Amino acid sequence: MRKVCKFGGSSLANAGQIQKVIDIVSSDPGRQFIVVSAPGKGRPSELKITDLLIGLAKARLNGFDGKREYELISRRITALAHDLNISTELLGIIEENILNAANSSIENAAAYEAQLKAQGEDACARILAEALTLAGIEAHYMSPADAGILLYGTHDDAEIDPQSYTLLSQLRYEERTLVIPGFYGISQDGEVLTFSRGGSDISGAIIAAGVDAEIYEIWTDVDSVYAVNPELVDEPKQIKEISYREMRELAYLGASVVHPEAMLPIYNKAIPIHILNTNNPDAKGTKIVRERSNFDGVVTGISGSRNFCSLNISEYLLNRRVGIVKDILSILAEEGVSFEHMPSSIDSLSIILRDESLPKSKEENIIRRLTDELELESVELVRGLALVMLVGEAMADTVGVTSRAVNCLSAASISLEMIIQDHSEMSVIFVVDGKFCNYAIETLYYEYF
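Residues numbered from 1 in each chain as written. Predicted model: local features only at pLDDT ≥ 70, side-chain atom pairs only at ≥ 80, totals over all residues. Heavy atoms only, no water.

Draft legend 1. Expanded view of the packing of helix 2 (residues 49–61) against helix 3 (residues 67–83). Two elements in contact, helix 2 and helix 3, have axes whose closest approach is 8 Å; the angle formed by their N-to-C orientations is 155 degrees. Looking at the two axes, helix 2 sits roughly antiparallel to helix 3. As for the relative orientation of helix 2 and helix 3, their crossing is left-handed in sense. Facing helix 2, whose interface residues are I49, L52, L53, G55, L56 and A59, helix 3 presents E69, Y70, L72, I73, R76 and I77. In terms of residue class, the contact of helix 2 with helix 3 is made up of 9 nonpolar, 1 polar and 2 charged. (Axes fitted to C-alpha atoms, helices over the stretch in contact; angles between N-to-C directions. Helix = DSSP H or I, 4+ residues; strand = E, 2+ residues; numbered from the N terminus. Parallel < 35°, antiparallel > 145°, perpendicular 65-115°, else oblique. Left-handed = near helix turned anticlockwise from the far one by under 90°. Contact = heavy atoms within 4.5 Å. Nonpolar A, V, L, I, M, F, W, Y, C, P; charged D, E, K, R; others polar.)

Draft legend 2. Structural detail: the pairing of strand 16 (residues 348–354). Of all 7 residues in strand 16, 6 are buried; the element is thus mostly enclosed. Bridge count for strand 15 (residues 301–314) against strand 16 is 7 bridges, and the pairing is antiparallel. Looking across to strand 16, one finds that S310 is bridged to I352. (Buried < 20%, exposed > 50% of the residue type's maximum accessible area, 1.4 Å probe, protein only. Pairing = 2+ DSSP bridges.)

Draft legend 3. Summary view of the sheet that holds strand 17 (residues 378–391). Ordered by their spatial adjacency, 5 strands build an open sheet running 16-15-17-19-18, and the pairing between neighbours is antiparallel. In the strand order of this sheet, the two ends are held by strand 16 and strand 18 (416–421), each with one partner. The mean inter-strand angle of the sheet, taken between neighbouring strand axes irrespective of direction, is 35 degrees. Sheet contacts for helix 9 (residues 244–252): strand 15, strand 16, strand 17 and strand 19 (427–433); angle to strand 17, the most-contacted strand, approximately 135 degrees. Relative to the sheet, helix 12 (residues 360–373) contacts strand 15 and strand 17, its axis offset from that of strand 17 by approximately 115 degrees.

Draft legend 4. How the structure looks around the pattern of salt bridges. Counting across every chain of the model gives 26 salt bridges. We note a salt bridge from R383 to E363, for which the minimum N-O separation is 3.1 Å. Of this pair, R383 sits in strand 17 while E363 sits in helix 12, and the two are 20 residues apart along the sequence. For R383, a relative accessible area of 24% corresponds to the partly exposed category. Overall, E363 belongs to the partly exposed group, its relative accessible area being 24%. Its salt-bridge partner being D433, residue K435 comes within 3.0 Å of it at the nearest N-O pair. Given the relative accessible area of 25%, D433 is considered partly exposed. Through salt bridges with shared partners, one network takes in K3, D28, R31 and E217. (Salt bridge = Lys/Arg side-chain N within 4 Å of Asp/Glu carboxyl O.)

By themselves, these figures tell us nothing about what the structure is for.
If you want it as structure tokens, here you go:
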């Protein structure tokens, strides 16, 4: 069985964790394609390697020499290499690569930062490849450029070039274990582009699709995906199986086990994702599949997030104004503002946005434009909202799920600002005051679980 395995930063934070990774890879010859994040925190007091690299980039971009930041990075990498008996030759290559990136042109700040950030994954892949080789596994470091991971778009939120899949398909004929850095790729012009933070999940999914893997394993530091944030509830229910769509819905509002974009590359090929724990490899984990076969409850999971706002527009006979929604969204687009949801009635329209999408510096101008240019009767912005979501494919076939949730929240004295549900009935969102976000999640969890 051909497997692609992605190991997160917590699984690679120090030599002890990397030894667990070596044991996991050694235990199954099908684990041939290994995708790595940058090393995470070796100790609670330490920073992640990626954060250190970002700190180095910021220092250089702001006119400092970055010597202190580089020394912190070098110290972490050197300690890791020393503990794993990595050759001084390889350590020298890694340090030279980081220095070359640090000393490159800062004319394009985004390009400069992307090139430096990528060094964490690159260094980790080189170290793991040699550590696997020392353990008796025929392993080989392969850069994203050599693998064929071509990207386009912005330097810090790139997208996969479709021709990458043709290039990656050639890796199916490899007999060695390949260790490939996650998180970044190369543009057609040879520039380093990265995915958004946590994007090594996306790299693994792209490789899994390219080599037609039977399964894509994501190794992290939890036993499974949970029905709710384990920081809010003691011993929350573990989800054994969940669909791509359900997982994406939960990830949208903060369930962070899998990057929300990681399912797209493998969706059409129906490659399952298996979430597993590096620190407890015998745990059964969670399977993320295209079509579920096992349902053990109406609601699969609950998630929520603060920092939303609502642009509330009202006018008598608003529904008779042909093209008004297009005009409203055009103004938002011209101001560079994206929206999340848009519930409406005959005389009103609410546009739900993330606070970060509508900074206060743009607030006054947008309200003025909507009021003056479109002659709208009332435009009001309400901040401090939270979205709390019930997710479950079985909800569509069950009567009374939403009314049960509303009664439950009402009994807990949680007032609802809005309810949002799409035609699939796979999820329902409750808009509440931000200060009730966690309380609403806990209340719903104990109602359904």
